[in-house]
Amino acid sequence: MIDQNMKQAVLDSFEKSFSKKDGVKAYFAPGRVNLIGEHTDYNGGHVFPCALTIGTYGAAAKRDDRMVHFYSCNQDRFGVYGINLDEEIKPTPEAGWANYPIGVIWAFEKRGMKLDKGFDLVINGNIPNGSGLSSSASLEVLTGFILRDLYGFEVSNQDLALIGQYSENNFNGCNCGIMDQFAVAMGKEDNAIFLDTADLSYEYAPIKLEGAKIVIANTNKKHKLTDSQYNARRSMCEEALAILQKTVDIKGLGDLSVEEFEAHKDVLTDPDMQKKAKHAVYENQRTIEAVKSLKDGDLAHFGELMRQSHESLRDDYDVTGVELDTLAEEAWKIPGVIGSRMTGGGFGGCTVSIVKDEAVENFKKTVGENYLKKIGYEATFYTVEIGNGPEVI
Ligand code: GLA
């Protein structure tokens, strides 16, 4: 579902910024929401995200010289930022948001896909910034998709996901897993993606929510320390894995069943580390169970697993915080809420809830009021649809 106003705005802005409109093409890449399977993707576990119909719009055209120019309608204060392809490509503070597309160009070049000429790029997104709905992965995949289209590089959508992740890990310094870029690059309308991050095998699962909607609630929390905390969680899981590998033959925490974990967990003598590993193992098993219950048409059990997921992220993995806890805990009290949990990296960002049609208004009103009372500022609610991966529009 392409928003024609967003498309027009990005094309108008391109014309204004670069005084050119012939040969300009418009593109879109979605954001994503993860239904269940959190902090499992860097542990060789399963995830269950879907692409959204909100995302990042782009307008781009090749240039005759070796300059690449970037302008974001959402980050006007950066103005137009440019790089010269004949100079070393590296992250800089002045580039701001443009470090994401620049990182993707860098990653393409590392893979031997060199740009002969530069290009101009304008973007305009409708994913709320810092909301945990993958505005950065959306921008990375959008950039990769545009490079493929403009330069004719032979890369699959799955490669676009891997390149996006590589650039985020090695250029932008966040050690993220593959979930976000994969969900963005491989999105399919009305389907979630059941992805095994151990080997990237995946299947689409139709989300037929008869009589219910997916509602996202944004904490609007301003100060997040996501990257450093995220990287710290990841390192702790890696340490736990190394210790467990001395007694069990596994490649990732996702290889362990709950029973195997319980039988071996005492080798993790640091109680905090044991809790983090427990989350990774249990959450992976919950995700597998959740997808099965969806296939069996047992949405109520899916909802119960969403709740367990949030509780584990709150109590064991420690990535929620009072804002996300308030949204989820208030949601659980509302009749007609099938399930609710934090989604994405945590420490702020959003919750995702499955809410019966007739309960949506009351859900937004009551959770919204109680959130404001407790936290002191408002949450924002969006009823979302599951959309496709990147496309020329
Ligand atoms: C962020 C990362 C993902 C994933 C989630 C947590 O969104 O980018 O790779 O680890 O957090 O599930």
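Reading the values: the criteria
Residues numbered from 1 in each chain as written. Predicted model: local features only at pLDDT ≥ 70, side-chain atom pairs only at ≥ 80, totals over all residues. Heavy atoms only, no water. Pairing = 2+ DSSP bridges. Helix = DSSP H or I, 4+ residues; strand = E, 2+ residues; numbered from the N terminus. Contact = heavy atoms within 4.5 Å. Axes fitted to C-alpha atoms, helices over the stretch in contact; angles between N-to-C directions. Expected span 1.5 Å × (residues − 1). Buried < 20%, exposed > 50% of the residue type's maximum accessible area, 1.4 Å probe, protein only. Salt bridge = Lys/Arg side-chain N within 4 Å of Asp/Glu carboxyl O. Near = heavy atom within 4 Å. Polar contact = N/O pair within 3.5 Å; in protein donor to acceptor, adjacent residues only side chain to side chain. Areas by Shrake-Rupley, 256 points an atom, 1.4 Å probe, with all protein chains shown as cover. Nonpolar A, V, L, I, M, F, W, Y, C, P; charged D, E, K, R; others polar. Phe/Tyr/Trp six-rings, centres within 6.5 Å; stacked < 30°, edge-to-face > 60°. Lys NZ or Arg CZ within 6 Å of the ring centre and 35° of its normal.

*Asks:* Help me understand the sheet that holds strand β7 (residues 191-196), please; the structure alone is not making it clear to me.
*Replies:* Sheet strands associate in pairs through backbone hydrogen bonding, adopting either a parallel or an antiparallel arrangement. Strand order across the open sheet formed by three strands is β2-β7-β8, with antiparallel pairing between neighbours. The open sheet has two edge strands with one neighbour each: β2 (46-47) and β8 (201-206). Relative to the sheet, helix α5 (residues 179-186) contacts β2, β7 and β8, its axis offset from that of β7 by approximately 135 degrees.

*Asks:* For this particular structure, what's the right way to read helix α3 (residues 135-151)?
*Replies:* Given 3.6 residues to a turn, an α-helix orients residues that are three or four positions apart in the same direction. Helix length check: α3 (17 residues) gives 24 Å between terminal C-alpha atoms against 24 Å at 1.5 Å per residue, within 8%. For α3, a buried count of 13 out of 17 residues is recorded, marking the element as mostly surrounded by other parts of the structure. At the C-terminal side of α3, glycine 152 shows a positive phi close to 70 degrees.

*Asks:* Honestly, the pattern of salt bridges in this entry has me stumped. Any pointers?
*Replies:* Once the charged atoms of two side chains with opposite charge are near each other, the side chains can pair. Taken as a whole and judged by the stated rule, the model has 23 salt bridges. Taking the shortest distance from any N to any O, the salt bridge between aspartate 296 and lysine 292 comes out at 2.9 Å. Owing to a relative accessible area of 52%, aspartate 296 belongs among the exposed residues under this scheme. A single salt-bridge network, built from bridges that share partners, covers Lys20, Arg63, Asp65 and Asp120.

*Asks:* How should the site of the ligand be read in this particular structure?
*Replies:* Lining the immediate environment of the ligand, one finds Arg32, Glu38, His39, Asp41, Tyr42, Cys176, Gly177, Met179, Asp180, Tyr230, Gly344 and Gly345. In the environment of the ligand, an oxygen atom lies 2.6 Å from a nitrogen or oxygen atom belonging to the side chain of aspartate 180. Between the ligand and glycine 345, the relevant distance is 3.4 Å, taken from an oxygen atom to a main-chain nitrogen or oxygen of the residue. In isolation the ligand offers 310 Å² of accessible surface; the protein chains occlude 93% of this area. Classifying every residue of the shell around the ligand gives four nonpolar, four polar and four charged.

*Asks:* I'm lost on the packing of aromatic side chains in this one. Help?
*Replies:* For any pair of aromatic rings, the description consists of the separation of the ring centres together with the inter-plane angle of the planes. Counting across every chain of the model gives 18 aromatic pairs. By way of ring pairs, the aromatic residues Phe70, Trp97, Phe108, Phe119, Tyr151 and Phe153 are connected into one cluster. Over the ring of tyrosine 282 we find lysine 278; its NZ or CZ atom is 5.2 Å from the centre of that ring.

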